[in-house]
Amino acid sequence: MNRDEILTKARELGMMIAECEEFKKSKEAEDTYLADEAAQKMMSEYNAKCAQLSEKASKPDLTKEEYDKLQMDAQAEFIKLCTNDKINTYLEANREFSSLINQVNGIIVHFVKGDDAQSGCSGSCSSCRGCH
């Protein structure tokens, strides 16, 4: 198989992915989220809070107790963020789409690197939702 054939197959795969249910749900959820100013503001505030927490967590003199508190604060902020239905739907749709893309990438890596590849297809279809 030559380079042009490989690129043609890649385009075909890209078009198939663009037509799959996971992508459509992800795009629809993104559009809904982006149309909601309150949800965008909430996400922006969450990202700012995470940046602050990350900055504090990177200090060399941070104690384990302080680090644990920062982790709990970040988790509480995420839980608060997920109370917004549009954001929660957006995040879940993105997780599902990312899972599909990761499975596709894993399968490609598996077949390019062979059976010794550490990621990708394990050969056991019972543990996989991917290629069947």
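Structure first, text after, so check above.
Computed from a predicted structure; not experimentally measured.

Moving on to the pattern of salt bridges. In this structure the tally under the stated criterion is 10 salt bridges. Across the pair glutamate 19 and lysine 24 runs a salt bridge, and its minimum N-O distance is 3.7 Å. In this structure glutamate 19 comes out as exposed when scored by relative accessible area, which is 54%. With relative accessibility at 39%, the residue lysine 24 sits in the partly exposed group. With a closest N to O distance of 3.9 Å, lysine 27 and glutamate 30 form a salt bridge. With a gap of three residues between them, lysine 27 and glutamate 30 both fall in helix α2 (residues 21-34), about one helical turn apart. For glutamate 30, a relative accessible area of 28% translates into the label partly exposed. Taken together, the salt bridges that share partners define one network made up of Lys27, Glu30 and Asp31.

In this section: the side chain of aspartate 36. Take aspartate 36: it is sitting in the loop between α2 and α3 (37-57). For aspartate 36, a relative accessible area of 15% translates into the label buried. Side chain to side chain, aspartate 36 and lysine 86 meet in a polar contact 3.0 Å long.

Cut-offs used in this document
- Residues numbered from 1 in each chain as written.
- Predicted model: local features only at pLDDT ≥ 70, side-chain atom pairs only at ≥ 80, totals over all residues.
- Heavy atoms only, no water.
- Salt bridge = Lys/Arg side-chain N within 4 Å of Asp/Glu carboxyl O.
- Buried < 20%, exposed > 50% of the residue type's maximum accessible area, 1.4 Å probe, protein only.
- Helix = DSSP H or I, 4+ residues; strand = E, 2+ residues; numbered from the N terminus.
- Polar contact = N/O pair within 3.5 Å; in protein donor to acceptor, adjacent residues only side chain to side chain.

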